[in-house]
Amino acid sequence: MRLTTKGRFAVTAMVDLALRQNRGPVTLAAISERQHISLSYLEQLFGKLRRASLVSSVRGPGGGYHLARPTPQITVANIVTAVDEPLDATQCGGKENCHDDKRCMTHDLWATLNEKMHEYLSSVSLADLVAHQSGKPVSVIKDFRPANEKVAACGFRSTSTSPRPSRWTGWS
């Protein structure tokens, strides 16, 4: 399974945009500075995000980007797919030719993992990520930081005692 920098940076930039777009269009230069992502890389990513109708641009002075849809309607899977990031854990890319041009013994395991990854990333919306950044509990996201770091970062203390494992480990 590979989720490369392209997918991670695209999701990070979209969260940044979602958090700040209420004050007007957000420039890629501002996202670049806050998130330490190169401006030229962001330009490439946002071109793909725009073609996928996830963001729209405003030209001219005071221009920048804003989301093309409400945050609950944009999923992490939409973002990752828009930047051409393959979510494939199979060695063969799903072609079933990974072992001497035949299907390997573990193909179904990795194909099932692909399905579960896509299912999970489709269940996490940009609204969920924004809420998580704002310190609100989100059912599909678990914060794995130690309790003292949560208090310092968000000003709240987690009171969850749920023994159930989370489905998501968070974005850095």
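This text goes with the structure placed above it.
Everything in this summary refers to the structure shown in the same document.

Reading the values: rules and limits
Residues numbered from 1 in each chain as written. Predicted model: local features only at pLDDT ≥ 70, side-chain atom pairs only at ≥ 80, totals over all residues. Heavy atoms only, no water. Helix = DSSP H or I, 4+ residues; strand = E, 2+ residues; numbered from the N terminus. Buried < 20%, exposed > 50% of the residue type's maximum accessible area, 1.4 Å probe, protein only. Contact = heavy atoms within 4.5 Å. Areas by Shrake-Rupley, 256 points an atom, 1.4 Å probe, with all protein chains shown as cover. Axes fitted to C-alpha atoms, helices over the stretch in contact; angles between N-to-C directions. Parallel < 35°, antiparallel > 145°, perpendicular 65-115°, else oblique. Nonpolar A, V, L, I, M, F, W, Y, C, P; charged D, E, K, R; others polar. Pairing = 2+ DSSP bridges. Phe/Tyr/Trp six-rings, centres within 6.5 Å; stacked < 30°, edge-to-face > 60°. Left-handed = near helix turned anticlockwise from the far one by under 90°.

### Considering the overall build of the protein
Right, on to step 1. On a plain count of helices and strands, the protein comes out with 7 helices and 2 strands.
Right, on to step 2. For the protein, the sequential pattern of α-helices and β-strands runs α-α-α-β-β-α-α-α-α.
Right, on to step 3. Going through the 172 residues of the protein one by one, you find that 37% of them count as buried.
Right, on to step 4. In the protein, 60% of the contacts between residues at least 6 apart in sequence involve partners at least 24 apart.
Right, on to step 5. Accessible area of the protein: about 10500 Å², with a carbon and sulfur share of 50%.

### Observations concerning the packing of helix α1 (residues 5-20) against helix α6 (residues 126-133)
Right, on to step 1. Orientation of α1 relative to α6, taken along the N-to-C sense of each, is 70 degrees, at an axis distance of 10 Å. In terms of orientation, α1 lies roughly perpendicular with respect to α6. Seen from α1, the contacting residues are Val11, Met14, Val15, Ala18 and Leu19; seen from α6, they are Leu126, Leu129, Val130 and Gln133.
Right, on to step 2. Here the contact of α1 with α6 is composed, by residue class, of 8 nonpolar, 1 polar and no charged.

### Observations concerning the pairing of strand β2 (residues 64-67)
Right, on to step 1. Sheet topology note: the strand β1 (residues 55-58)/β2 ladder contains 4 bridges and is antiparallel. Within β2, the position partnered with valine 55 by the bridge is leucine 67.
Right, on to step 2. From the end of β1 to the start of β2, which pair antiparallel, there are 5 residues, and glycine 60 there has a positive phi angle of about 90 degrees.

### Observations regarding the packing of aromatic side chains
Right, on to step 1. By the definition in use, this model includes 2 aromatic pairs.
Right, on to step 2. Ring geometry for phenylalanine 9 against tyrosine 41: centres 5.8 Å apart, planes inclined by 85 degrees, an arrangement best described as edge-to-face. Remark: tyrosine 41 occurs in helix α3 (residues 39-51) and phenylalanine 9 occurs in helix α1; sequence separation between them is 32 residues.
Right, on to step 3. Relative accessible area serves as the criterion here: at 28%, phenylalanine 9 is assigned to the partly exposed category.

### Describing the environment of arginine 51
Right, on to step 1. By secondary structure assignment, the location of arginine 51 is in helix α3.
Right, on to step 2. When its relative accessible area of 58% is taken as the criterion, arginine 51 is described as exposed.
Right, on to step 3. As for arginine 51 and valine 83, which are separated by 32 residues in sequence, their C-alpha atoms are 9.6 Å apart.

### Here's the deal with the packing of α1 against helix α2 (residues 28-35)
Right, on to step 1. Packing of α1 against α2 leaves a shortest axis separation of 10 Å and a crossing angle of 115 degrees. Relative to α2, α1 is oriented roughly perpendicular. The handedness of the crossing between α1 and α2 comes out as right-handed. Across the interface between the two elements, Thr12, Ala13, Asp16, Leu17 and Arg20 from α1 touch Ile31, Arg34 and Gln35 from α2.

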